[in-house]
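# Residue-level structural notes
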Amino acid sequence: MTSPAQTSIVTAMKHHWFYPRLLGFALIAFLVVYALVASGRFLYFRQAGLELAAFPRQDEYTVGSGKPVHQVAVAGDSTAFGTGASAFTHTYHYQYLSQQPGTFQVQNVGAIGARVSDVTEQLNNISPVDLLFISISSNDVTHFTRLSDLSNQLDNMLTLAESKADTVILITPGSMGDVGLLPWPVRTILGYRSGQVSVLTKEVAKNHQVIQVDMFSHSEYSFARDPNINFAADLFHPSDTGYALWANAISKDVERAGGLRL
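Before going into details, it helps to say that this report is about the structure given with it. Being a predicted model, the structure only gives us computed values, none of them experimental.

With that out of the way, let us pick up the sheet that holds strand β1 (residues 60-65). Spatially, the 6 strands line up as an open sheet ordered β1-β3-β2-β4-β5-β6, and their pairing is mixed. Every interior strand has two partners, whereas the edge strands, β1 and β6 (211-214), have only one. Here the strands of the sheet are splayed against their neighbours by 20 degrees on average, with no regard to which way each runs. Across 6 bridges, strand β2 (residues 69-76) lies against strand β3 (residues 102-108) in parallel orientation. Looking across to β3, one finds that Val-74 is bridged to Asn-108. Helix α4 (residues 116-124) rests against β2 and β4 (129-135) of the sheet, and its axis sits at about 150 degrees to β2. Its contacts with the sheet put helix α9 (residues 240-256) on β4, β5 (165-172) and β6, and the angle it makes with β6 is roughly 140 degrees.

The structure is reproduced here in structure tokens:
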């Protein structure tokens, strides 16, 4: 027979475990709802990205007028390709070149989804040029390319790039932690990863005669200042305004390096 004291203890224990269990169930429910909402949101904006990628791009174009006439190539990932821009005239390379004197005949071999290891093949498909833009490494961040492998790939890529162009401009992206497409905690993880890749790229670039434009280090051009206008409809790629920030950063770093030597 249970005594009043024992009954009181059992009742107290039930009350003791009720609130922690309730809190646990509430936390699980929150995480499930968050995962569903985040997944739906990701798929929605990913579809927007696929639609942006389907926009026609200009593989060859001429910008400027008069002399001198320079040959230019653009290699790299979707940012080289121009995904997110409303027209090829709003890509970072067009916006930058349109501010320079002379005529530039441009060939764009950038490809959506490209990583550093893919740029070697792109460069093998171009003839020697006066100026070469390479914008790369976002996909190496998101795909977690091993840093030791990435170091070797960057070194090989830049060695080949130097043999292909009189002037090489290497553009690397800002923090993936600012990308609205990605849910928390993915943004936090990739933001940290972006910093690692930024440091690594700077170390490798020091051993090459290239002009590096590291958007991760350009806090004055951070997309996080106004993500609503700096990102395209997919909340991943730069918009026209975002690419304009890239063009401004290129101008600043080229001037810091002594200007274009073509």
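What follows deals with helix α6 (residues 147-164). Across its 18 residues, α6 extends 25 Å between first and last C-alpha, which sits within 8% of the 26 Å expected from 1.5 Å per residue. Listed in full, the buried residues belonging to α6 are Leu-150, Leu-154, Met-157, Leu-158, Leu-160, Ala-161 and Lys-164. In an axial view of α6, the angular spread of the buried residues amounts to 165 degrees, which keeps them on one side of the axis. For α6, the exposed residues lying more than 90 degrees away from the buried face are Asn-156 and Ser-163. Taken together, the buried residues of α6 touch α4, β4, α5 (138-142), β5 and α7 (186-205).

Further remarks concern the pattern of salt bridges. Counting across every chain of the model gives 4 salt bridges. The shortest N-O distance in the salt bridge between Lys-202 and Asp-214 comes to 3.6 Å. Of this pair, Lys-202 sits in helix α7 while Asp-214 sits in strand β6, and the two are 12 residues apart along the sequence. The class for Lys-202 is partly exposed, based on a relative accessible area of 33%.

What counts and what doesn't
- Residues numbered from 1 in each chain as written.
- Predicted model: local features only at pLDDT ≥ 70, side-chain atom pairs only at ≥ 80, totals over all residues.
- Heavy atoms only, no water.
- Pairing = 2+ DSSP bridges.
- Helix = DSSP H or I, 4+ residues; strand = E, 2+ residues; numbered from the N terminus.
- Axes fitted to C-alpha atoms, helices over the stretch in contact; angles between N-to-C directions.
- Contact = heavy atoms within 4.5 Å.
- Expected span 1.5 Å × (residues − 1).
- Buried < 20%, exposed > 50% of the residue type's maximum accessible area, 1.4 Å probe, protein only.
- Arc of directions from axis to C-beta.
- Salt bridge = Lys/Arg side-chain N within 4 Å of Asp/Glu carboxyl O.

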